[in-house]
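# An overview of the molecular structure
As a plain string of letters, each chain reads:
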Amino acid sequence: MRVTTKAMQYIDMQIQNCELDKKHLFQQTKSLLSLYRSVVWAVKGRAVHLKNRISGTYGMQLNTALLFLSDFAPTETRVDFEMQVSSLFKSRWLIELIDIASAYVREYPIYGTLYADLLRLRFMDEIPRNDASVCEALGLERSTYYQRKKEAILLLGISLWEYVLPITIQTYHRVLKLDVTEEIFFQKVAKENQLHYRL
């Protein structure tokens, strides 16, 4: 019989308090993480172009994307979910949201830094790494690594769906008519999330 770690017990409590479905939260978060590198690659190809002009306003398309993510349907298959996310997040929005959620993970009082490093090495760094190489890089035993990986993915999911997305949607509605660029919008979102985390 597998023993539930103390860290997982705390994460399970948070999942219950947030009224999230653990299995679907894990699957959807893992799906988002699996898209991260390809989205970064697509945005990186346009990075010079984006820097050489003023970014356009985030507009209605961002609202559609945020609402889709905030209200993700647990009945959707992973493939459908990934296709929807890929088609809605054509710019750096997904990167920004996951990066802000990762900052929450890093600040988590139990293994926060380890979780953030694990997620970065396994899913976010430019160089793809498999589980064995991340496990070795972090100096973890194999069974401990897989426990921490699951905990990290769930914690990122809680951070994204319970904190980052609601704050991003609130910020969107507050600045909707201000005609700000994407860059300024996400700076505001990051600041709002930092303020929320300190409360």
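No experiment lies behind these values; they were computed from the predicted model shown.

## Quick look at helix H6 (residues 112–124)
- Counting buried positions along H6 gives 11 out of 13 residues, so the element sits mostly inside the fold.
- For H6, every residue scored as buried is listed here: Gly112, Leu114, Tyr115, Ala116, Asp117, Leu118, Leu119, Leu121, Arg122, Phe123 and Met124.

## Digging into unusual backbone geometry
- Located in the positive-phi region is glutamate 19, a residue other than glycine, with phi close to 55°.
- For glutamate 19, a relative accessible area of 72% gives the class exposed.
- Of note, tyrosine 111 is a non-glycine position whose phi angle comes to about 60°, a positive value.
- If you trace the backbone, tyrosine 111 turns up in the loop between helix H5 (93–106) and H6.
- With relative accessibility at 38%, the residue tyrosine 111 sits in the partly exposed group.

## Considerations on empty space enclosed by the protein
- Within this structure, the stated rule accounts for 1 cavity of 30 Å³ or more.
- Lining the largest cavity are Thr29, Leu32, Leu33, Ile98, Ala101, Leu156 and Leu160.
- Secondary structure elements with two or more residues in the lining of the largest cavity: helix H2 (22–51), H5 and helix H8 (142–175).

## Some details on H5
- Here H5 is 14 residues long and its end C-alpha atoms lie 20 Å apart, about the 20 Å a rise of 1.5 Å per residue gives.
- Counted residue by residue, H5 has 10 buried out of 14 residues, so it is predominantly covered.
- Within the sequence span of H5, burial applies to Trp93, Leu94, Ile95, Leu97, Ile98, Ile100, Ala101, Ser102, Tyr104 and Val105.

## A short note on the pattern of salt bridges
- Enumeration according to the criterion identifies 9 salt bridges in this entry.
- With a closest N to O distance of 2.9 Å, aspartate 117 and arginine 106 form a salt bridge. Within this pair, whereas aspartate 117 is found in helix H6, its partner arginine 106 is found in helix H5, the two being separated by 11 residues in sequence.
- The partner of arginine 174 in a salt bridge is glutamate 192, and the shortest N-O contact between them spans 3.0 Å. Separated by 18 residues along the polypeptide, arginine 174 in helix H8 and glutamate 192 in helix H9 (residues 182–198) bring together distant segments of the chain.
- Arginine 174 gets classed as partly exposed once you look at its relative accessible area, which sits at 48%.
- Relative accessible area serves as the criterion here: at 29%, glutamate 192 is assigned to the partly exposed category.

## A few points about the side chain of threonine 171
- Looking at where threonine 171 falls in the secondary structure, it is placed in helix H8.
- Excluding anything up to four places from it in sequence, threonine 171 contacts Phe185, Lys188, Val189 and Glu192.

## What to know about the confidence of the model for the chain
- Looking at the chain as a whole, the pLDDT averages 80, with 74% of positions reaching at least 70.
- Per-element confidence in the chain ranges from a low mean pLDDT of 65 for helix H4 (residues 78–88) to a high of 97 for helix H7 (residues 131–138).
- Low confidence marks residues 46–57, where pLDDT is under 50. Its contacts with residues over four positions away, or in another chain, come to 14 contacts.

## Focus on the packing of aromatic side chains
- Overall, the coordinates contain 4 aromatic pairs when judged by the stated rule.
- Relative to tyrosine 163, the ring of tyrosine 104 has its centre 5.3 Å away and its plane inclined at 15°; by these criteria the two rings are stacked. Here the residue tyrosine 104 occupies a position in helix H5, and tyrosine 163 occupies one in helix H8, the gap between them amounting to 59 residues.
- Given the relative accessible area of 25%, tyrosine 163 is considered partly exposed.
- Consider the rings of tyrosine 145 and tyrosine 146, whose centres lie 5.1 Å apart with planes at 75°: the pair is edge-to-face.
- Among the residues examined, tyrosine 145 registers a relative accessible area of 0% and is labelled buried.
- Given a relative accessible area of 37%, tyrosine 146 falls into the partly exposed group.
- Three or more aromatic residues joined by ring pairs make a cluster, and in this case those are Tyr108, Tyr111 and Tyr115.
- We note arginine 148 situated over the ring of tyrosine 111; from NZ or CZ to the ring centre the distance is 4.1 Å.
- The cationic tip of lysine 150 hangs over the ring face of phenylalanine 26; the distance from NZ or CZ to the ring centre is 5.8 Å.

Calculation rules
- Residues numbered from 1 in each chain as written.
- Predicted model: local features only at pLDDT ≥ 70, side-chain atom pairs only at ≥ 80, totals over all residues.
- Heavy atoms only, no water.
- Buried < 20%, exposed > 50% of the residue type's maximum accessible area, 1.4 Å probe, protein only.
- Helix = DSSP H or I, 4+ residues; strand = E, 2+ residues; numbered from the N terminus.
- 1 Å grid on protein atoms, 1.4 Å probe; cavity = no way out; pocket = protein on both sides within 12 Å on 5 of 7 lines; lining within 4 Å.
- Points joined across faces, edges and corners; volume = space filled by probe spheres on them.
- Expected span 1.5 Å × (residues − 1).
- Salt bridge = Lys/Arg side-chain N within 4 Å of Asp/Glu carboxyl O.
- Contact = heavy atoms within 4.5 Å.
- pLDDT = per-residue confidence, 0-100.
- Phe/Tyr/Trp six-rings, centres within 6.5 Å; stacked < 30°, edge-to-face > 60°.
- Lys NZ or Arg CZ within 6 Å of the ring centre and 35° of its normal.

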